Structure formats: C-alpha cells, structure tokens
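Structural overview for review
The residues making up each chain are set out below.
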Amino acid sequence: MSFSPPGQVAPGSPHPPTTTGAPMTATDVTGARTSEAAGVITGARDRIAALDDRIIGLIQERIAVSAVIQEARITSGGRRVNLSREMEILDHYRQALGKPGTPLAMTLLELCRGRI
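What you are looking at is a predicted structure, and each value in this text was computed from that prediction instead of being measured.

Structural notes on the overall build of the protein
Within the protein, the secondary structure is distributed over four helices and zero strands. From first element to last, N terminus to C terminus, the protein shows the α and β order α-α-α-α. Within the span of the protein, comprising 116 residues, buried residues form 18% of the whole. Looking at the protein alone, contacts between residues at least 24 apart form 29% of all its contacts between residues at least 6 apart. Total accessible area on the protein stands at roughly 8,500 Å², and carbon and sulfur atoms take up 60% of it.

Following this line, the structure appears as structure tokens:
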C-alpha cells in the first residue's frame, strides 16, 4: 500500500488525504460521527449539487430573457432598466424568502442588467 505525502491525493482515492497522509474517509469529509450519517450527508450534498446546477441554468435563462426585454425596451425608445419593475421583483423575493430574499433579488437583478 502506498501513501501520498500530506496534501496530495492518494492514487485512486476520491478524497484528499488526511494530515497523516492516509486517504480521508467519508466521515472525515462530511464531519459526521457515523458512517450512516456520512452516507446521508453525502447523498444530500449530491442532491444539493444537482439543485445548484439547475439553479445556475435557470439564472442563465433569466439573464437571456432579461436581455430580450432590455433590447425591446431600448429599441422602442425606453430605458434599459425599469425601476418600478425591479422594486416589484425585490418585494416578491422578500415576501417569498424573508429578509435574505432582498439581497438575493438584488444580485439577480445585477446579473441581468446590461447584457445587450
């Protein structure tokens, strides 16, 4: 059995090594105290990663749709940003998600501005 120096991944190991050079176990990676809990955490993290990928895809789609709206508004002689609409969006996110919804909506609006 070969060990990698600390800070390097052991060949064939899905996890980085511990400070002793031994590959980390699932409980090391998750912080769980039992292998059963580590399995639950690993599965839940995989689900979160899949959700994050879907969320990123939806944000990218939202950016594209926003660009169509901005282009139509500018082409018709209007302004790129409609502040009253942005206020509606901020309120919608705040009502749905509570106080943290507002900065989330502001980040989405920032991502969607000026893409044309």
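This is not the end of the story, as more comes after the structure.
What to know about the side chain of Q70
Within the secondary structure, Q70 sits in helix α2 (residues 35-75). At 2.5 Å, the side chain of Q70 and the backbone oxygen of C112 are in polar contact.

Comments concerning a nonpolar patch on the surface
On the surface, I48, L51 and I55 cluster together to form a nonpolar patch covering roughly 250 Å² of accessible area. Along the chain, L51 falls in helix α2.

Quick notes on the layout of surface pockets
Counted as a void, the largest pocket has a volume near 250 Å³. For the largest pocket, the lining is made up of 15 residues, of which R62, S66, I69, R85 and I89 are closest to its centre. At the level of secondary structure, the elements contributing two or more residues to the lining of the largest pocket comprise α2, α3 (83-97) and α4 (101-112). Classifying every residue of the lining of the largest pocket by side-chain character gives six nonpolar, three polar and six charged.

With respect to the confidence of the model for the protein
Scored by pLDDT, the protein comes out at a mean of 84, with 80% of its residues at no less than 70. Contacts from residues 1-11, a stretch scored under 50 in pLDDT, to residues over four places away or in other chains number 15 contacts.

Digging into the environment of T27
Following the sequence through the fold, T27 ends up in helix α1 (residues 26-30). Among the residues examined, T27 registers a relative accessible area of 24% and is labelled partly exposed. Residues T27 and A37, spaced ten residues apart in sequence, show a C-alpha to C-alpha distance of 8.0 Å. Excluding residues within four positions of it along the chain, T27 makes contact with A32, T34, S35 and A38.

Thoughts on the environment of N82
Looking at the secondary structure, you find N82 in the loop between α2 and α3. Along the primary structure N82 and Q70 are separated by twelve residues, whereas in three dimensions their C-alpha atoms are 9.0 Å apart. Polar side-chain contacts of N82 include one of 2.8 Å to the side chain of S84.

A short note on α3
The terminal C-alpha atoms of α3, which comprises 15 residues, lie 21 Å apart, in line with the 21 Å expected from a rise of 1.5 Å per residue. Within α3 the residues assigned to the buried category are E86, I89 and L90. Along the axis of α3, the buried positions cluster into a sector of 100°, meaning they face one direction only. For α3, exposure combined with an orientation more than 90 degrees from the buried face picks out M87, H92, Q95 and A96. In this fold, the buried residues of α3 make contact with α2 and α4.

What counts, and at which threshold
- Residues numbered from 1 in each chain as written.
- Predicted model: local features only at pLDDT ≥ 70, side-chain atom pairs only at ≥ 80, totals over all residues.
- Heavy atoms only, no water.
- Helix = DSSP H or I, 4+ residues; strand = E, 2+ residues; numbered from the N terminus.
- Buried < 20%, exposed > 50% of the residue type's maximum accessible area, 1.4 Å probe, protein only.
- Contact = heavy atoms within 4.5 Å.
- Areas by Shrake-Rupley, 256 points an atom, 1.4 Å probe, with all protein chains shown as cover.
- Polar contact = N/O pair within 3.5 Å; in protein donor to acceptor, adjacent residues only side chain to side chain.
- Patch = residues over 30% accessible without salt bridge, like charges linked within 9 Å, V, L, I, M, F, W, Y side chains within 5 Å.
- Salt bridge = Lys/Arg side-chain N within 4 Å of Asp/Glu carboxyl O.
- 1 Å grid on protein atoms, 1.4 Å probe; cavity = no way out; pocket = protein on both sides within 12 Å on 5 of 7 lines; lining within 4 Å.
- Points joined across faces, edges and corners; volume = space filled by probe spheres on them.
- Nonpolar A, V, L, I, M, F, W, Y, C, P; charged D, E, K, R; others polar.
- pLDDT = per-residue confidence, 0-100.
- Expected span 1.5 Å × (residues − 1).
- Arc of directions from axis to C-beta.

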